[in-house]
Amino acid sequence: EEVLCGCVRQVEVKKGFMYESADGPGFYYKPCDHDENCLERMTCDSSSTRDCKRTVNCEGENLKCIKEVPCSSDCAPTSSPTKQKTTPPTKVPSKVPTEVPTRSPTAGQGNPWKCDGCKSMHKYGQVVTDGTADFCKIVLKPKSVRSEDGECDGISSENQCKNSSCLFQYKLRYSIKQACREKKWCKIIIADAYTAGTSPPTPIVTPAKKKGFITTEEFFKVECLCKTHKKVFKIECTNTDNGRVSSKSVELDYTCSECDKKWLAEKR
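As a starting point, this report considers the structure included with it. Values in this document were obtained by computation on a predicted structure and should not be read as measured data.

**Re the state of the cysteines**
Applying the stated criterion to the full structure yields seven disulfides. Here Cys 115 pairs with Cys 161 through a disulfide, and the sulfurs are 2.1 Å apart. Sign of the S-S torsion, about -90 degrees for the bond between Cys 115 and Cys 161, identifies this disulfide as left-handed. Highlighted residues: Cys 115 in strand β7 (residues 114-116) and Cys 161 in strand β13 (residues 160-164), separated in sequence by 46 residues. We classify Cys 161 as partly exposed; its relative accessible area is 23%. Two residues, Cys 118 and Cys 224, share a disulfide whose sulfurs are 2.2 Å apart. Of note, the bridge from Cys 118 to Cys 224 carries an S-S torsion of about 115 degrees and is right-handed in sense. On the criterion of sequence distance, the pair formed by Cys 118 in the loop between β7 and β8 (120-124) and Cys 224 in the loop between β19 (220-222) and β20 (229-238) is long-range, its members being 106 residues apart.

Structure below.
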């Protein structure tokens, strides 16, 4: 299995993202140790001396939009770490099969096909505590997730499925000591996990009150895809007198199942 080490190459595309200066948390690039032509993202914030960036969506012919492509080289240094030889890609035959099966199952093979999917599913993980001492007495308790299934309907005239997104709304209760709230030691962080080659979403960071809820005012949409999404909710407190950090966090996995044609096999 390839080890990518978080290193990427930048490729110009018509639809992708571009950079702008980050007012808060962001990132900068540094050359990868194993390949000088690959870059690795490093986190930073507005107090850093680095040129801290964040991404915004980009689409157009002449805007020089980019996307990140994972580097395929291994993490281990080669005998010449400053240069790497690449093998030309194997030529792929351009000829495609002349016949592709397109028929649905017949009456003898199973029930008539139907469209099924767009079902909402979700699960919280365990609350994780980090830090040597919980000096702010952080409490973080996930509450129920509200969700609505999407729709997966068949279009018989076109032999296709039509889908609409699922809806989700999360809610978590938290509290901290009043003294920590008065000293503004604590903050709420909501971050989304992302995969290599995609534009990383900017985490949402807000000051924590003595107690309250982490929630969305409205439902948010999730497309019907074979993909699991993950959000991480964290209450992080930093004692500015001695630099100690304490936090509690919890993960939420959620998905909206793929909408596709399905049928049941019959006994022969």
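Now, onward.
**Observations regarding the packing of aromatic side chains**
Enumeration according to the criterion identifies six aromatic pairs in this entry. Chaining the aromatic ring pairs together yields one cluster made of Phe 168, Tyr 170, Phe 220, Phe 233 and Tyr 254. Geometry around Phe 27 places Arg 41 over its ring, the cationic atom sitting 3.8 Å from the centre. Positioned above the aromatic ring of Phe 220 is the side chain of Lys 231, whose terminal nitrogen or guanidinium carbon lies 5.5 Å from the ring centre.

Reading guide: rules and limits
Residues numbered from 1 in each chain as written. Predicted model: local features only at pLDDT ≥ 70, side-chain atom pairs only at ≥ 80, totals over all residues. Heavy atoms only, no water. Disulfide = S-S within 2.5 Å. Helix = DSSP H or I, 4+ residues; strand = E, 2+ residues; numbered from the N terminus. Buried < 20%, exposed > 50% of the residue type's maximum accessible area, 1.4 Å probe, protein only. Phe/Tyr/Trp six-rings, centres within 6.5 Å; stacked < 30°, edge-to-face > 60°. Lys NZ or Arg CZ within 6 Å of the ring centre and 35° of its normal.

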